[in-house]
Amino acid sequence: METDYINLIFEGFIDIYNNPRNAIMWLIAGFLMYFGIAKKKEPLLLVPISFGVLLANLPLGELVKPSSGEGEPMGFLLFFQENGLHTDLLPLLVFLGLGALTDFSPVISNPKTLLLGAAAQAGVFVALIGTLLLNPIFDFGLLEASSVGIIGGADGPTTIFIASRMKELGNSLGVGVQDIVGATAVAAYSYMALVPLIQPPIIKFFTTKKERQIVMPPPKREVSKRAKILFPIICTIVISILVPKASPLVGILMFGNLMRECGVVERLSSTAQNELMNIVVIILGLAVGSTMPGEVFLKFQTIAIFVLGLVAFITATIAGILLAKLMNLVSKEKINPMIGAAGVSAVPMAARVVQEMAQKEKPGNMLLMHAMGPNIAGVIGTATVAGVLLSLVPGLIG
Amino acid sequence: METDYINLIFEGFIDIYNNPRNAIMWLIAGFLMYFGIAKKKEPLLLVPISFGVLLANLPLGELVKPSSGEGEPMGFLLFFQENGLHTDLLPLLVFLGLGALTDFSPVISNPKTLLLGAAAQAGVFVALIGTLLLNPIFDFGLLEASSVGIIGGADGPTTIFIASRMKELGNSLGVGVQDIVGATAVAAYSYMALVPLIQPPIIKFFTTKKERQIVMPPPKREVSKRAKILFPIICTIVISILVPKASPLVGILMFGNLMRECGVVERLSSTAQNELMNIVVIILGLAVGSTMPGEVFLKFQTIAIFVLGLVAFITATIAGILLAKLMNLVSKEKINPMIGAAGVSAVPMAARVVQEMAQKEKPGNMLLMHAMGPNIAGVIGTATVAGVLLSLVPGLIG
Amino acid sequence: METDYINLIFEGFIDIYNNPRNAIMWLIAGFLMYFGIAKKKEPLLLVPISFGVLLANLPLGELVKPSSGEGEPMGFLLFFQENGLHTDLLPLLVFLGLGALTDFSPVISNPKTLLLGAAAQAGVFVALIGTLLLNPIFDFGLLEASSVGIIGGADGPTTIFIASRMKELGNSLGVGVQDIVGATAVAAYSYMALVPLIQPPIIKFFTTKKERQIVMPPPKREVSKRAKILFPIICTIVISILVPKASPLVGILMFGNLMRECGVVERLSSTAQNELMNIVVIILGLAVGSTMPGEVFLKFQTIAIFVLGLVAFITATIAGILLAKLMNLVSKEKINPMIGAAGVSAVPMAARVVQEMAQKEKPGNMLLMHAMGPNIAGVIGTATVAGVLLSLVPGLIG
Amino acid sequence: MVLDGLYMSLIGLAVVFMVLVFLLITINLLNYFDRKPSKKIIEVETTSTLNKSESNIENVVAAIALSLAMSEKTPQMNISNKNSGSSNWLSIGQQRLFRSREV
Amino acid sequence: MVLDGLYMSLIGLAVVFMVLVFLLITINLLNYFDRKPSKKIIEVETTSTLNKSESNIENVVAAIALSLAMSEKTPQMNISNKNSGSSNWLSIGQQRLFRSREV
Amino acid sequence: MVLDGLYMSLIGLAVVFMVLVFLLITINLLNYFDRKPSKKIIEVETTSTLNKSESNIENVVAAIALSLAMSEKTPQMNISNKNSGSSNWLSIGQQRLFRSREV
Ligand code: NA
Ligand code: NA
Ligand code: NA
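Residue indices follow the written sequence of each chain, beginning from 1 at its first position. To label them, take the chains in the order written and letter them from A, then take the ligands in the order written and number them from 1. Restriction of local features to residues with pLDDT of at least 70 applies here, the model being predicted, together with a cutoff of 80 or more for giving and counting side-chain atom pairs; totals for whole chains, interfaces and linings are based on all residues. Each side-chain value is derived from all of the structure's non-hydrogen atoms; neither hydrogens nor water enter the calculation.

Quick look at the overall build of chain D now. Under the DSSP-based scheme used, a helix requires at least four consecutive residues in state H or I and a strand at least two consecutive residues in state E, with every element numbered from the N terminus. Looking only at helices and strands, chain D has four helices and zero strands in total. Reading the helices (α) and strands (β) of chain D from amino to carboxyl end gives α-α-α-α. Going through the 103 residues of chain D one by one, you find that 51% of them count as buried. Summarising the internal contacts of chain D: among those between residues at least 6 apart in sequence, 68% fall at separations of at least 24. Carbon and sulfur atoms form 67% of the exposed surface of chain D, whose accessible area is close to 5,000 Å². Each residue is assigned to one of three classes by its accessible area relative to the maximum for its type, calculated with a 1.4 Å probe on protein chains only: buried under 20%, partly exposed between the two thresholds, exposed over 50%. Two residues form a contact once any of their heavy atoms are found within 4.5 Å. Calculation of accessible area relied on Shrake-Rupley with a 1.4 Å probe; when residues are assessed, cover is drawn exclusively from the protein chains displayed.

What follows is the structure, encoded as structure tokens:
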């Protein structure tokens, strides 16, 4: 019996001794907190995620352990993993709120920018192929490659959505699959936060000063309320016909947007944007963070994921710029190729980066609203790509 | 393999070709949206319901399909159907908010009006019998008849509650039962929205001009805080003793009201009325809408349901008016028989209709508070009827 | 068939006749409502709890009955018992909100007060031993004793958490265990509300007038934002290493506090404190109340629980005072021993009691902030004790 | 089956009227006793007159001063209104506000 | 497997472009019909008078200034409209207010 | 069983004191290092300039008056900060406001 008591006091220390990687994760959690709190980078997600990492790596992992037979329910965070992540509920509810927060009028008033949002998806596929090329070293298959690629979409909930689905898919088919939900999510949010550091040098390298000084006049015509109401409905139908698997992401995003724009359900829209969003973000962040116990996260693969994620961001930026330049060759109405870089999503960070660079190159050149077009189009593009991945991958690995 | 890709691109079109009824449902969804948004009729429910209809009818039905074996969770909307509708959670949580939003003092200060709320329940039973009479044509049984009848209660969540229960009851007993949850809910909300069109001609037909001009003085005495606090408690106990099956609906409604009136849990009451209500309404609306895939909704039965629902509304209105006239025969304190029409519920629309008609017939005759009595009593009456149905139906079909 | 109808009308009365204890519970529910509403004692919890008691004791118990085979889902309140209490979700989410509501700076600026919060835990163990001593009379085992003891922690959600766990533990191991979740929760909240009556005479008895007049100067140094941010992180790690089983309670509490203090996720913190908290409190209160049907609550054991709970509160108060006096013997910086009484938790009631007594004994002696130290430390102490109980009890009863 | 429906309707309407008549009687009783208010719950009403008597203590000003000065700039002001009643737990965050009331 | 990836990428990018081109066409159609507005839904627009100046993209800077100034002061104006629309059920609590509106 | 209880109590109280003593030591260390602040996280503090005067206990009465007056009128001021931090996603809706800040 006395051994029990001694065990009681030392079981925590013993667990740390046996699983030193968990203690290392505390440092990583601390670093993410520092990044989120002191540096104020994506704090709304990084604070919950980082604390989730900490909680998942405490001795004995009380918050992430499965239900024991002895009247102990499953850990608090495991509950949300199983009932929030694996069911897609949390990412989709975030999408609901994002839809209610997003103003699509830049896309409606200048639909050409949709193409720039499409171009940026090249980043997803370059990273996907890159991941497959590293297969011999890191044992990445198509499932992992899809999850890593989608980081290039620069869209947190979509990344979480796809990575969860790919993990589940592998598990259910008995195909070996690494658990990289947490790593891809952290990579996505980190690079989204770092967009102001990542993009400017790339933009400068791939554009001439003259190009960066191209002035774009304000759009000629304002978007009618009717167009704003019809847009989410049409968008849902068109994308769902062409890529049915994208319909959950696109449909819920657009439902949120319809609530915003229709003007008669203000109280629903407000709750979707605020209280519901906040509740979901707290739980989603903790749940995602808790997918990263030390033995899952501390692998060479994780470094590869971060490198590939950066490649994806860079490629997406380049693709957007190059298409913009291409469009300038064929169209007489010149666009500033910098706005192509905003196609990576990372809403609205990437658009702000463009705006600031434009101001420096030529004070008074207001590109923000022009950059919001590809910026938001990138969200739609990435949701479409997610649907494509969900359609193709099961057939290819089956 | 290449076939796969071609499939990918065309599977949406093929699905539409195979299920053209789904595309017709888009039009119906669009009509409901127009009704909710442009006409501002019951938008808080009709906007989510209509978008739910749309989402449930997109190609391949991603949002309403059951969990595949391959790592795909069940569809987002099916999840809420199973965990929100079938468990009664969502309708009851709406009742919680409604209780917190309702001021019962018109009933407390003039309890006679409770009888008018009872009379209007005749509409429920007339529609119920009518549905059974149509059995040879539409194959409606007692389960469907109960669901259709309750439309006459003019109370959205109660309708959803009863229709879900009846469907589950039939499925669990192996009795054939049609899935009419969506149709009855849409009928109920639609007619509630149309009360200002439906009721005035009926009221005019069944009352004389002299009756419509009866002036009712304001209630003599205001309701004490104590009475308002005791009312929900007493109401819960009395109704639950007499009709135990009504206790979930009545109990939760009255708990919401106690939070409102007790004055010491303002923060809980406010959340129940606003944020919690909004979250529940968004999800409930989507879930109800998603019970209407084309093959379920596009039947002749649906037309019958709408016709019978209208009959129920009309009969309820008539019954309320006639009882009011009857009460005038025996009581010396005359009441304006128009307030009997408010007994159908459709809070507060029906009471407003009465007020406006009263103003037209005799400017200055303020009937609103008098009409709120039967109006709210109708809610209690319909919840009681729901309990009666839940008590009797299983015994009769077993 | 006609019997059915007669049954329908009388089944409620018959049920009351067969289960008269349920009707007695209405009176108890009424008393709790009176206590919460008219006396304004802990209304946020007692109003939902008392209505939960009422709902659980209505005829036929519709709201707490398990799912019948016949298409009836489980009762609304049973659903929340099973999915909210047994899973620990609701108590932990309350802890999240409490963390976001709590300012730990009194503890940080004067960490010595942590010891007073530890001393007060003596109350838990005295009540625990007392409960075991009453085993021959009331058939209380170690499981019940732990649940009763934790009442002395004066911390509602922790009490609910431990009592639920102990019940589940007993059920899963096939050890006989009484269902005392409701009784302990009501005892805890009642005595927390009664702290202003319970503590002053004890404080007077165990201190001299001179001691009560000891003036404590305001803390020398303010707590930096950095310290406030680091405190929850450090606290989580330290306690989780020493008592891993305490990590859910402490970890979630501290996550809430980090959201509060970090300053960059204001919207999450606000939602955790307000809307999320309110939703959880409504449901938690109802669920806890509904664990008290008459046959569970109306036992002599319940009286014993209330007596033992009072003993626990009294002992906790005494222990805090005595340790404070002891500290005065060894330290030259004198503390007013009254603040030891605040170590029982019951935040912030106990601290207020001390402040008021100090004002009466010596006007101008501001003890509030000094008393908040042990007050909050008592929360941490009780969470730690909860962890100890969870660690030891399974081994001892297995 | 139509007969079942008729039976149900008859019984149903009868029960609904019975329930609401019972309720009518109970409310009338309630109103009857409410007109001659007993001393028992009267305090509900008096206490709820904006909680006037809540602050029964001398020297509150200084206390409030201390606490408010420290807390008022923090963004949780709304909590002070939301926490009506005297809950321990939920008012934990108000520790500094120290709204003096008859504790 | 890398070949799979290449195939996927090719098809994937093609599909994404196809989808967004379709969307482009649809929006252009939408905008085309929007310029000659039918009478049907026009009332929607008139009711939203508050948003009128919302997309007047000339004078943006001024607009931003104005909106910022307004948004900072009354960040929850939307709450006042919370009960927009004319829902029966959800406005039940407002029965006493009796805001006279076109029922 | 009572013996079990005694054991548990002894060990339990010992563990609780041990935990809180550990915590005491840690906080003392924290406070010790906090007095000589490293440059590392100092910016956290500078950014929170708004809270600087939080505990300036002189002039409290005036502070109360001011703050109370403010809090009563605008009980939901905190909502204006709801979007503090610089999250991409959650500030997406504010795209038009374009509050110029250090991106
Ligand atoms: Na993107
Ligand atoms: Na009704
Ligand atoms: Na305690």
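Its place among the elements puts Leu114 of chain A in helix H7 (residues 113-119). Take Leu114 of chain A: its relative accessible area is 0%, and that puts it in the buried class. A sequence separation of 174 residues divides Leu114 of chain A from Val288 of chain A, and the C-alpha atoms of the two residues are 31 Å apart. Those residues in contact with Leu114 of chain A that sit more than four places away from it in its chain are Val107 and Ala377 of chain A together with Leu20, Leu23, Leu24 and Ile27 of chain E.

The subject of this paragraph is the coordination of the sodium ion (ligand 2). All names here are of chain B. Ligating atoms shown are N, O and S within 2.8 Å of the metal, or 3.2 Å for Na, K and Ca, and water is not included, meaning a site may look less than complete. Those protein atoms acting as donors to the sodium ion (ligand 2) are Gly153 (O), Ser345 (OG), Gly378 (O) and Thr382 (OG1), and they sit at 2.2 to 2.7 Å. Donor residues for the sodium ion (ligand 2), ordered by position in the chain, follow G-x191-S-x32-G-x3-T. Within this pair, whereas Ser345 is found in the loop between helix H20 (338-341) and helix H21 (349-361), its partner Thr382 is found in helix H22 (residues 368-397), the two being separated by 37 residues in sequence. The class for Ser345 is buried, based on a relative accessible area of 0%.

A few words now on the nonpolar core. Throughout, nonpolar core names a set of buried Ala, Val, Leu, Ile, Met, Phe, Trp, Tyr and Cys residues whose side chains join them through atoms within 4.5 Å. Among the nonpolar cores identified, the biggest contains 509 residues, and Phe51 of chain A, Phe51 of chain B together with Phe51 of chain C are the most heavily contacted of them. Once residues lying within four places of it in the same chain are set aside, the contact partners of Phe51 of chain B are Ile233, Thr236, Gly251, Met254, Phe255 and Leu258 of chain A together with Met33 and Leu286 of chain B.

Residue and element names in this part refer to chain A. The coordination sphere of the sodium ion (ligand 1), as far as protein atoms go, consists of Gly153 (O), Ser345 (OG), Gly378 (O) and Thr382 (OG1), spread over 2.2 to 2.7 Å. Positions of the donor residues of the sodium ion (ligand 1), expressed as sequence spacing, correspond to G-x191-S-x32-G-x3-T. A residue pair is termed a helical-turn pair when its members lie 3 or 4 positions apart in one helix, as Gly378 and Thr382 do in helix H22 (residues 368-397) at four residues. For the pair Gly378 and Thr382, one class covers both residues: buried.

For the rest of this paragraph, the subject is the interface of chain E and chain A. Put simply, an interface is often sized by how much accessible area is lost when its parts join up. Across the boundary between the two partners, chain E contributes 45 residues, which contact 57 residues of chain A. Each of two parts loses accessible area, computed with a 1.4 Å probe, when they are put together; buried area is these two losses added. Across the chain E/chain A interface, buried area totals approximately 4,500 Å², and carbon plus sulfur atoms make up 74% of it. When residues of chain E are sorted by the area they lose upon contact with chain A, Met1, Met8 and Leu20 of chain E head the list and together hold 14% of the total. By salt bridge we mean one thing: a side-chain nitrogen of Lys or Arg within 4 Å of a carboxyl oxygen of Asp or Glu. Here chain E and chain A share zero salt bridges between them. By the criterion applied in these results, polar contacts are pairs of N or O atoms within 3.5 Å in which, for protein atoms, one can donate a hydrogen and the other can accept it, and in which residues neighboring in sequence qualify only through two side-chain atoms. The tally of links between chain E and chain A comes to one residue pair in polar contact (both at pLDDT 80 or more). Within the residue set of the side of chain E that touches chain A, elements represented by two or more residues are helix H1 (2-35) and helix H2 (42-47) of chain E. Per-element accounting of the side of chain E that touches chain A gives the leading share, 27 residues, to H1 of chain E. When residues are sorted by character, Ala, Val, Leu, Ile, Met, Phe, Trp, Tyr, Cys and Pro go into the nonpolar class, Asp, Glu, Lys and Arg into the charged class, and all the rest, Gly among them, into the polar class. Taken together, the residues of the side of chain E that touches chain A break down into 24 nonpolar, 14 polar and seven charged.

Residues and elements named next belong to chain C. The geometry of helix H12 (residues 181-206) relative to helix H19 (residues 300-330) is characterised by a closest axis approach of 9 Å and an angle of 40 degrees between their N-to-C directions. Taken together, the axis directions place H12 and H19 in an arrangement best described as oblique. Viewed along their axes, H12 and H19 form a crossing whose handedness is right-handed. Its residues placed into classes, the contact of H12 with H19 shows 20 nonpolar, six polar and one charged. The convention used is that axes are lines fitted to C-alpha atoms, helices contributing only their stretch in contact, and that angles between N-to-C directions extend from 0 to 180 degrees. Any angle from 65 to 115 degrees is called roughly perpendicular, while one under 35 is roughly parallel, one over 145 is roughly antiparallel, and all others are oblique. Here a crossing is taken to be left-handed if its near helix is turned anticlockwise relative to the far helix by less than a right angle, and right-handed if that turn runs clockwise.

Right, let's talk about the packing of aromatic side chains for a bit. Two aromatic rings, drawn from Phe, Tyr or Trp (for Trp, its six-membered ring), form a pair once their centres lie within 6.5 Å of each other, and the interplanar angle then sorts them: stacked below 30 degrees, edge-to-face above 60, tilted otherwise. Enumeration over the complete set of coordinates arrives at 33 aromatic pairs over all chains. Ring plane angle 35 degrees and centroid distance 5.7 Å describe the contact between Phe138 of chain A and Phe140 of chain A, whose orientation is recorded as tilted. Owing to a relative accessible area of 16%, Phe138 of chain A belongs among the buried residues under this scheme. With a centroid separation of 5.6 Å and an interplanar angle of 55 degrees, the aromatic rings of Tyr191 of chain B and Phe313 of chain B are classed as tilted. Here Tyr191 of chain B, found in helix H12 (residues 181-206), pairs with Phe313 of chain B, found in helix H19 (residues 300-330); they are 122 residues apart in sequence, far enough to count as distant. Assigned by exposure class, Tyr191 of chain B and Phe313 of chain B land together as buried. What links up through ring pairs into an aromatic cluster is the set Phe76, Phe79 and Phe80 of chain A.

Moving on to the state of the cysteines. Think of a disulfide as a covalent bridge from one cysteine sulfur atom to another cysteine sulfur atom. Residue and element names in this part refer to chain A. We call a pair of cysteine sulfur atoms a disulfide whenever their separation is within 2.5 Å. Following the criterion strictly, the structure yields zero disulfides over all chains and no others. Free cysteine: Cys235, not disulfide-bonded; nearest cysteine sulfur from Cys262 at 17 Å. What makes Cys235 buried here is its relative accessible area of 0%.

All quantities given are derived from atomic positions and should not be read as evidence of function.
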